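Single-letter residue listing:
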Amino acid sequence: MKSAWLISPLLIATAASSPAETPKFAAEVDSQIENAVSTGLIPGAVLVVGRKDGVIYSKAYGSRSLIPKREPMTLDTIFDAASLTKVVATTPCLMKLFEEGKLRLDDPVTKYLPEFQGGKSDITVRLLMTHFSGMPPDIDLVPRWSGYETGIQLALSAKPVAPPGARFIYSDINFVLLGEIVRRLSGETLPEFARREIYDPLGMTDSMFLPSLVLRPRIAPTEIDKDTGQPLHGVVHDPTSRYMGGIAGHAGLFTTAADLAKYAEMFLGLGERNGVRVFEPATMQKFTEPASPADQPILRALGWDMDSPFSSNRGELYPIGSYGHTGFTGTSIWIDPTTNSYIILLTNVVHPNGIKSLSSLRSRVSTVVAASFGLTVPETVALTGYRETIQGAGVHRDISRNTSTLTGLDVLEASGFAELKGKRVGLITNQTGLDRGGRRNLDVMLASGVNVITVFSPEHGLAGTADAPVANSRDTRTGVPVVSLYQSSQRRIPPDRLHDLDALVFDIQDVGARFYTYSCTMLYALEDAAKAKRAFYVLDRPNPVTGTHVEGPMLDRDLESFTGCYNIPVRHGMTLGELARMANSEQHWSADLHVIQMSNWQRGDWFDSGMLTWVNPSPNLLSLNAALLYPGIALIECNTNYSVGRGTDAPFEQVGAPWIDAPVLSEKLNSRFIPGVRVYPVRFRPSSSNFAGTEVPGVRFVITDREAFDSTRLGLELAAALNQLFPGHLDFEKCRNLIGNREIVNGLRSGRDASALWSLAQHEAAAFADRRKPYLLY
């Protein structure tokens, strides 16, 4: 066995005690790959390991060819890249078109390929790039066909096997279609556009489709062609690409390890290598961050793999946030921004007699290399715009902890309410304003000498039992005046009431949903306090459904109301103290704002983590389970011919109406594979609200995995299913202020697939997750 190896000039230049130093991973990696050659797993391989500023180790192993004659592997061997075509040709071309404003990721594919699915499909470009389109894995090859246009027509007419966004199905059809989008938008073939925009600027001179015969001596052959009895040599291995003439978006690229190293260094350089800028940094970040549906355990970037059944080449140590891809012929690349490193392992494992699994070898090599860079097993993951959750084997795990959370009230009480002493205080509160001992905030404040002049109550009143506008009153226990901020003509604090106060104190338990009115009561009061130059204190309390889950839709400005008065998503993942900080800054109110922070609360905590006593925050939110379902189920509750379970023992945990066929609806929703929830038929009789005294058919929801569950996705799926199965019964326009987003409202009315609408909503929610960062306290 012959081998050749090279230590890069970079390593020589940085060696501390010798002119050349072999990387510490080299011996173990060599052993692993040489063993794979000697046992017949692979004919040979080329390995390149590098950092942002250059190659640190490069070596060829074994043989390039076994038949018709044995040839040694060399560093300049050209490989059939197979599915690396997706990320080294098609994806960067799409990035260019994105930068040029010719392509939008959340546009439907039909905008660019009008013939797709007969012109009616909710599949987006993003879903194609992440393999959540629902398209089948491959184009049918029988009966045998030929020609690029024939392949495109077959891809355009292929029928989905799953709803958009519902399931990860790795599909070559996705990238056949994306390659055609590149051709139509650029006016050039995929090879021409990639050559001009990507390969020439980077000096990738050995990357091409349809390699010339003069390069054949350097090309690694692949599998024996059944038609000729000889190995495919310089001809693409993938049959679909071969039938299409060797040019397709999913396969057809030939390249070398050296060229891929240049490409990887450009990615680590955020679009720049050796002073040549190919992409803007923002584009690089966009295409290498998680882009798959946020409630899915499979993690994909745009084109790139991150954490899926195909990401064996990530190994055991490279963190989630790194990215790469593999190819069927035996090629692979992995790039890690954390260590600014990359691994390229190219083999022709299919030569000469077909595929063998490389998963173990790829994983071992990556793990050895990553360990040399000082990486250890990652325990937690924090991904921009996505929930922060431990992921094990691609499965979300509920990591609830047990602690003793102290609310802002408890913290202030422990100080003897020092910050409020000597101030005339207005207290905005209700029945949820209790300390850990179950005592009312009003009582403990008065007992500590705080001068509470007035109490202000939100919707449902001071006792939290009213389901109608509430009049002014007095607290029966203390005699303190109670001013209602939920009257038909009064949602704000009257100016004359502010005149006699030095400070307002807000202490109410929220439920983490945009249209739950307590947040708007707080924001209205904060704005009024700023205008009156009065101090404003928020005694912070937990977001009961965690501070990590962020779910759209976002609120349009022209749909603001008392059930949504600020441009945030339905499930915002913030405490009210954090929301107050955001609004005060973004609206330039310049309020004298003081947030009394909790103790022992973390963003991933559910309400049950803190050992706080659940107090129903309103008459129809009776449990944490209901609070979790509420952001989705309440989206369409403005329809009076439809019940969300108000007046039953399980409001917001079930829905029903006389016109619903419950078994059909439950079967429909379960067939959508909505993560974290199952549905079953029920009948219930509300004692109040819609259908009071009448038994109605409906469905009930069971949360099976609250970390994986996306409440607003369920809400959109439910709305779309009801509209599809029982058309004409729902009026989405009535619910426009709850949904809060015109594009979503119009999409539901027109019958767009719920997965497409949810994907749109989550794209906006991800941007909000970045926007909120400066205001987070925990």
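Residues numbered from 1 in each chain as written. Predicted model: local features only at pLDDT ≥ 70, side-chain atom pairs only at ≥ 80, totals over all residues. Heavy atoms only, no water.

Caption draft 1: View of the overall build of the protein. Scanning the protein from terminus to terminus reveals 22 helices and 28 strands. Taking 2.2 N^0.38 as the reference for a compact globule, 778 residues should give roughly 28 Å; the C-alpha atoms of the protein span a radius of gyration of 30 Å, in line with that estimate. In terms of overall dimensions, the protein has a C-alpha envelope of 100 × 65 × 40 Å along the principal axes. The buried share among the 778 residues of the protein stands at 62%. Within the protein, contacts between residues at least 6 apart in sequence are counted, and of these 71% link residues at least 24 apart. Total accessible area on the protein is roughly 28,200 Å²; 51% of this is exposed by carbon and sulfur atoms. (Helix = DSSP H or I, 4+ residues; strand = E, 2+ residues; numbered from the N terminus. Rg over C-alpha atoms; globule rule 2.2 N^0.38 Å. Buried < 20%, exposed > 50% of the residue type's maximum accessible area, 1.4 Å probe, protein only. Contact = heavy atoms within 4.5 Å. Areas by Shrake-Rupley, 256 points an atom, 1.4 Å probe, with all protein chains shown as cover.)

Caption draft 2: Region of the structure containing helix 22 (residues 754-771). For helix 22, spanning 18 residues, the distance from its first C-alpha to its last is 26 Å, which sits close to the expected 26 Å at 1.5 Å a residue. Within helix 22, 13 of the 18 residues are buried, which leaves the element mostly enclosed by the surrounding structure. Where helix 22 begins, the capping side chain belongs to Asp753, and its oxygen is found 2.8 Å from the backbone nitrogen of Ser755. (Expected span 1.5 Å × (residues − 1). Polar contact = N/O pair within 3.5 Å; in protein donor to acceptor, adjacent residues only side chain to side chain.)

Caption draft 3: How the structure looks around the sheet that holds strand 7 (residues 253-255). Across the sheet, 3 strands lie side by side as 5-7-6; this open sheet has antiparallel pairing. Every other strand in the sheet has two partners, leaving strand 5 (79-80) and strand 6 (208-209) as the edge strands with one partner each. Sheet topology note: the strand 5/strand 7 ladder contains 2 bridges and is antiparallel. Within the sheet, the bridge partner assigned to Phe79 lies in strand 7 and is Thr255. (Pairing = 2+ DSSP bridges.)

Caption draft 4: Highlighting the nonpolar core. Among the nonpolar cores identified, the biggest contains 102 residues, and Phe536, Ile636, Tyr642, Phe701 and Leu722 are the most heavily contacted of them. Considering each element in turn, this core owes the most residues, 9 residues, to helix 15 (residues 518-532). When residues no more than four places from it in sequence are discounted, the contact partners of Phe536 are Ile428, Leu504, Phe506, Met522, Ala525, Leu526, Ala529, Asp592, Leu593 and His594. Core analysis: the next-biggest nonpolar cluster, separate from the first, contains 81 residues, Tyr199, Phe209, Phe287 and Ile344 among them. (Core = buried A, V, L, I, M, F, W, Y, C linked by side-chain atoms within 4.5 Å.)

Caption draft 5: Summary view of the state of the cysteines. Scanning the model with the defined rule gives 1 disulfide in all. Two residues, Cys520 and Cys565, share a disulfide whose sulfurs are 2.3 Å apart. The chirality of the disulfide connecting Cys520 with Cys565 is left-handed, given an S-S dihedral of about -115 degrees. Taken together, the residues span a long stretch of sequence, with Cys520 in helix 15 and Cys565 in the loop between strand 23 (551-554) and strand 24 (569-571) at a distance of 45 residues. Cys520 sits in the buried class, given a relative accessible area of 2%. Just so you know, Cys638 is unpaired, no disulfide at all, and the nearest cysteine sulfur is the one on Cys735, 4.6 Å from it. (Disulfide = S-S within 2.5 Å.)

Caption draft 6: Summary view of the packing of aromatic side chains. Following the criterion strictly, the structure yields 20 aromatic pairs and no others. Ring geometry for Phe132 and Phe168: centres 5.7 Å apart, planes at 55 degrees, overall tilted. Of this pair, Phe132 sits in the loop between helix 4 (125-130) and helix 5 (148-157) while Phe168 is found in the loop between helix 5 and helix 6 (172-186), placing the two residues 36 residues apart along the sequence. By way of ring pairs, the aromatic residues Phe515, Tyr516, Tyr518, Tyr630 and Phe652 are connected into one cluster. Over the face of the ring belonging to Phe373 we find Arg51, whose NZ or CZ atom lies 4.3 Å from the ring centre. (Phe/Tyr/Trp six-rings, centres within 6.5 Å; stacked < 30°, edge-to-face > 60°. Lys NZ or Arg CZ within 6 Å of the ring centre and 35° of its normal.)

Caption draft 7: Expanded view of unusual backbone geometry. A cis amide bond, omega 0 degrees, links His351 with the succeeding residue Pro352. Along the chain, Gly552 connects to Pro553 via a cis peptide bond; the corresponding omega equals 10 degrees. Among the secondary structure elements, Pro553 is positioned in strand 23. Phi is positive for Lys533, which is not a glycine, with a value near 55 degrees. Its location among the elements puts Lys533 in the loop between helix 15 and strand 22 (535-539). The exposure class assigned to Lys533 is exposed, which follows from its relative accessible area of 73%. Even without being glycine, Ser590 reaches a positive phi, approximately 55 degrees. Here Ser590 is to be found in the loop between helix 16 (576-586) and strand 25 (592-596).

Caption draft 8: Seen up close, the sheet that holds strand 27 (residues 677-684). Judged by pairing direction, the sheet is antiparallel, and its 3 strands sit side by side in the order 26-28-27 without closing on themselves. Of all the strands in the sheet, just strand 26 (654-656) and strand 27 have a single pairing partner and so form its edges. Direction aside, the axes of adjacent strands within the sheet are offset by 25 degrees on average. Pairing analysis gives 3 bridges linking strand 26 to strand 28 (residues 696-703), with the strands arranged antiparallel. For Gln654, the partnering residue across the bridge sits in strand 28 and is Arg700. Against the sheet, helix 17 (residues 624-633) engages strand 26 and strand 28, with an angle of about 120 degrees to strand 28. (Axes fitted to C-alpha atoms, helices over the stretch in contact; angles between N-to-C directions.)

Caption draft 9: Layout of the pattern of salt bridges. In total, this model carries 48 salt bridges according to the counting rule given. For Arg126, the salt bridge identified is with Asp106, shortest N-O distance 2.8 Å. Here Arg126 is found in helix 4, whereas its partner Asp106 is found in the loop between helix 3 (84-99) and helix 4, with 20 residues between them in sequence. Each member of the pair Arg126 and Asp106 is classed as buried. The network of salt bridges with shared partners includes Glu115, Glu149, Glu180, Arg183 and Arg184. (Salt bridge = Lys/Arg side-chain N within 4 Å of Asp/Glu carboxyl O.)

Caption draft 10: How the structure looks around the environment of Gln117. Relative to the elements of secondary structure, Gln117 occurs in the loop between helix 3 and helix 4. The exposure class assigned to Gln117 is buried, which follows from its relative accessible area of 14%. Taking the C-alpha atoms as reference, Gln117 lies 34 Å from Phe267; in sequence the two are 150 residues apart. Dropping the residues within four chain positions of it, Gln117 is found in contact with Met135, Leu156, Ser157, Ala158, Lys159 and Pro160.

Caption draft 11: The arrangement of helix 17 in detail. The element helix 17 is largely enclosed, with a buried count of 9 among its 10 residues. Burial in helix 17 covers these residues: Leu624, Ala626, Ala627, Leu628, Leu629, Tyr630, Pro631, Gly632 and Ile633. Where the residues of helix 17 are buried, they touch strand 24, strand 26, strand 28 and helix 19 (711-725).

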